[in-house]
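As a plain string of letters, each chain reads:
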Amino acid sequence: NWARFVHAAFPLKLLLGQMAWKAIAGALGQLHSRVRNDLIELECQLWEDCIPRTIIEKSEQEVDDGNEEEELEDIFDDDDDDNNDYESDDFDDEE
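Residue numbers restart at each chain and count upward from 1, following the sequence in its written direction. Restriction of local features to residues with pLDDT of at least 70 applies here, the model being predicted, together with a cutoff of 80 or more for giving and counting side-chain atom pairs; totals for whole chains, interfaces and linings are based on all residues. Calculation of side-chain values draws on the structure's entire complement of heavy atoms; hydrogens and water are dropped beforehand.

Enquirer: Describe in detail the overall build of the chain, supporting the description with residues and values.
Expert: Numbering of helices and strands runs from the N terminus, with a helix taken as a DSSP run of H or I at least four residues long and a strand as a DSSP run of E at least two residues long. A tally of regular secondary structure across the chain gives four helices and zero strands. What you see in the chain, going N to C, is helices and strands ordered as α-α-α-α. Partly exposed describes any residue whose relative accessible area lies between the buried limit of under 20% and the exposed limit of over 50%, with all areas from a 1.4 Å probe on protein chains only and scaled to the type maximum. Looking at the chain as a whole, 1% of its 95 residues are labelled buried.

Dropping the structure here:
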């Protein structure tokens with residue numbers, strides 16, 4: 001029975017080889033994704049077990065302080081002033 005495949009024409013051998021390669025590559029891809037997902041889940045579980053969960057309750061004064069917004073506005077306002085220090089007339093001399 002193997003004589004038919006051994007003595008078959010090259011295009012048939014090539015087609016069968018490609019089909020076999022696709023099947024093997026697909027199976028290895030599925031195996032790789034399963035192993036990868038299992039390792040990721042295991043690592044996540046280890047991290048969850050090792051990292052302590054703590055809840056820090058803030059006092060009402062810290063929550064309702066409101067200074068954080070003012071500090072952010074000051075930072076962004078300072079950045080805008082620094083970017084406008086250049087002179088645009090320097091580029092007009094090249095004409």
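Let us keep going from here.
Enquirer: Talk me through a negative patch on the surface; I want residue IDs and the actual numbers.
Expert: There is a patch of like negative charges on the surface, built from Asp38, Glu41, Glu48 and Asp49. Along the polypeptide, Glu41 turns up in helix α2 (residues 10-50). Assessed through its relative accessible area of 55%, Glu41 is described here as exposed. What makes a patch is a set of residues exposed beyond 30% relative accessible area and free of salt bridges, joined within 9 Å when like-charged and within 5 Å when nonpolar (Val, Leu, Ile, Met, Phe, Trp, Tyr). To measure how exposed things are, a 1.4 Å probe is used in the Shrake-Rupley method; for residues, cover is taken only from the protein chains shown. The working definition used for a salt bridge is a side-chain nitrogen of Lys or Arg within 4 Å of a carboxyl oxygen of Asp or Glu. Note on charges: Lys and Arg go in the positive column, Asp and Glu in the negative column, and His and the chain ends are not counted at all. To locate a charge, take NZ of a lysine, CZ of an arginine, CG of an aspartate or CD of a glutamate.

Enquirer: Break down a nonpolar patch on the surface for me, with residues and values.
Expert: On the surface, a nonpolar cluster with roughly 740 Å² of combined accessible area is contributed by Trp2, Phe5, Val6, Leu12, Leu15, Leu16 and Met19. Looking at which element gives the most residues to the nonpolar patch, the answer is α2, with four residues. The exposure class assigned to Leu12 is partly exposed, which follows from its relative accessible area of 40%.

Enquirer: Describe the confidence of the model for the chain, with residues and values.
Expert: Any residue range with low pLDDT should be treated as having predicted coordinates unsuitable for detailed reading. As a per-residue quantity, pLDDT reports the predictor's confidence and falls between 0 and 100. When the pLDDT values of the chain are averaged, the result is 76; 58% of them are 70 or greater. Ranking the helices and strands of the chain by mean pLDDT puts α2 first, with 95, and helix α3 (residues 60-63) last, with 51.

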